[in-house]
Amino acid sequence: MSNRDDRPRLRLYVEAPLAEGADVALARPQVHYLATVMRARPGESVVLFNGRDGEWLARLAVLSRHEAVARPDSQIRPQTPEPDLWLLAAPIKRARIDWVAEKATELGVSRLWPVITRRTQAERVNLDRLHAHMVEAAEQCERLSLPELAEPTALPRILADWPAERALLFLDESGNGRPLAEAVAGPAAPLAVLVGPEGGFTPDERDMLAAHPHVRPVTLGPRILRAETASIAALAVIQALAGDWRG
Ligand code: SAH
């Protein structure tokens, strides 16, 4: 990582296993990206990762407008665990939720979980599109894995099955929660952040959250933020105070 300038300009997420000499046929959008967008050349170096086998230096053994094959040569980074941080986000308008998927990936989220609430419209969630945004973000930000993209799930269901060891930080725009920085300062526990939709949570949902033993209501200050701003701001504070920005 010290000599980033020497690294290949092309970095790709693949699903295939990565091992020396084990050719990887690249998917169609990647062929297009390499051949047409980036005008890569046969023989050019690329970096590959798959979320399991670390990061590999590879060469484009085959490259045409129709086909690309990368041949892994050597491992440059071993696989290391990503931070354990979940984002539970109620689906919002298309461009905004795409943006959240991209930024949450950059900010080191390990799981993105679309939450269906009373005021969300489930049909807004297109998992394939969100996945594509997460792949691109992971390629660009040098992550070694993708966040897991969980199935959209109704809020009561999520709360009923909530894992006891994980604190659920409920971003509560009513201002009644503790300041986020205070809420994450305690003993280290795995964390999840819950952010509501444009219309916020209903009174019933608020009661359900308030009654749940693992939910901690938190405030992000006196201004009402857009849902996507709230998500990103909360993740940044958590990474800075309790996560992997501390070095
Ligand atoms: N309730 C409002 C706005 C919802 S804002 C309405 O009815 O229009 C969308 C989501 O962002 C909220 O549900 C909450 O999770 C989060 N949020 C926004 N501002 C916040 C703040 N100041 N503190 C904590 N969470 C906030």
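The model shown is predicted, which means the values in this text are computed figures rather than measured ones. (Residues numbered from 1 in each chain as written. Predicted model: local features only at pLDDT ≥ 70, side-chain atom pairs only at ≥ 80, totals over all residues. Heavy atoms only, no water.)

The next thing to look at is the pattern of salt bridges. Between side chains of opposite charge, a pair can form as their charged atoms come close. All chains considered together, the criterion is met by 17 salt bridges. Of the charged contacts in the structure, one is a salt bridge between Glu 106 and Lys 103, with a shortest N-O distance of 3.2 Å. Residue Glu 106 and its partner Lys 103 are both found in helix α2 (residues 94-106); the two are separated by three residues, about one turn of the helix. The buried category is assigned to Lys 103, whose relative accessible area is 18%. (Salt bridge = Lys/Arg side-chain N within 4 Å of Asp/Glu carboxyl O. Helix = DSSP H or I, 4+ residues; strand = E, 2+ residues; numbered from the N terminus. Buried < 20%, exposed > 50% of the residue type's maximum accessible area, 1.4 Å probe, protein only.)

What follows covers the environment of Asp 207. Relative to the elements of secondary structure, Asp 207 occurs in helix α6 (residues 203-211). Accessibility expressed as a relative area gives 52% for Asp 207, which makes it exposed. Asp 207 sits 156 residues away from Gly 51 along the chain, and the two C-alpha atoms are 39 Å apart.

An ideal rise of 1.5 Å per residue puts 21 Å on 15 residues; helix α3 (residues 127-141) measures up with 21 Å between its terminal C-alpha atoms. Within α3 the residues assigned to the buried category are Arg 129, Leu 130, Met 134, Val 135, Ala 137, Ala 138 and Glu 139. On its buried face, α3 sits against β1 (11-13), α1 (28-37), β3 (45-49), α2, β7 (111-116) and β8 (148-149). Between a side-chain oxygen at the N-terminus of α3 and the backbone nitrogen of Asp 128 the separation is 3.1 Å; the capping residue is Asn 126. Looking one or two residues past α3, Glu 142 carries a phi angle of roughly 70 degrees, positive in sign. (Expected span 1.5 Å × (residues − 1). Contact = heavy atoms within 4.5 Å. Polar contact = N/O pair within 3.5 Å; in protein donor to acceptor, adjacent residues only side chain to side chain.)

Let us now look at the domain arrangement of the chain. As assigned here, the chain comprises domain 1 (4-77) and domain 2 (85-246). Once you take the C-alpha centre of each, domain 1 and domain 2 turn out to be 32 Å apart. Tallying the contact residues gives 13 residues for domain 1 and nine residues for domain 2. Between domain 1 and domain 2 the total buried area reaches about 860 Å² when both faces are included, carbon and sulfur atoms providing 55% of it. When the area that domain 1 buries against domain 2 is broken down by residue, the three leading residues are Arg 11, Tyr 13 and Phe 49, summing to 54%. Our count for the contact surface shared by domain 1 and domain 2 stands at one salt bridge. The interface formed by domain 1 and domain 2 includes six residue pairs in polar contact (both at pLDDT 80 or more). (Domains from an automatic or database assignment. Buried area = accessible area lost by both parts, 1.4 Å probe.)

Lining the immediate environment of the ligand, one finds 19 residues, of which Leu 171, Glu 173, Leu 220, Arg 223 and Leu 225 sit closest. At 2.9 Å from a nitrogen atom of the ligand is found a main-chain nitrogen or oxygen belonging to Leu 220. Isolated, the ligand exposes 560 Å² of accessible area, and the fraction of that covered by the protein chains is 83%. Tallied by class, residues from the shell around the ligand come to ten nonpolar, five polar and four charged. (Near = heavy atom within 4 Å. Areas by Shrake-Rupley, 256 points an atom, 1.4 Å probe, with all protein chains shown as cover. Nonpolar A, V, L, I, M, F, W, Y, C, P; charged D, E, K, R; others polar.)

Across the interface, α2 lies against α3 with an axial gap of 8 Å and an inter-helix angle of 35 degrees. α3 is crossed by α2, and the crossing has right-handed handedness. Counting all contacts with α2, which are made through Arg 94, Ile 97, Asp 98, Ala 101, Glu 102, Thr 105 and Glu 106, the residues of α3 involved are Arg 129, Leu 130, His 133, Met 134, Ala 137, Ala 138, Gln 140 and Cys 141. Its residues assigned to classes, the contact of α2 with α3 comprises seven nonpolar, three polar and five charged. (Axes fitted to C-alpha atoms, helices over the stretch in contact; angles between N-to-C directions. Left-handed = near helix turned anticlockwise from the far one by under 90°.)

Once that is clear, we can look at the nonpolar core. Of all hydrophobic cores here, the largest spans 30 residues; its most connected members are Leu 87, Leu 169, Leu 235 and Ile 238. Elements represented by at least two residues in this core include exactly β6 (85-89), α2, α3, β10 (167-171), α5 (180-183), β12 (191-195) and α7 (227-242). Among the elements that make up this core, the one with the highest residue count is α7 (six residues). Judged by nonpolar contacts, the second largest core, of 18 residues, contains Val 31, Val 46, Leu 63 and Ala 70. (Core = buried A, V, L, I, M, F, W, Y, C linked by side-chain atoms within 4.5 Å.)

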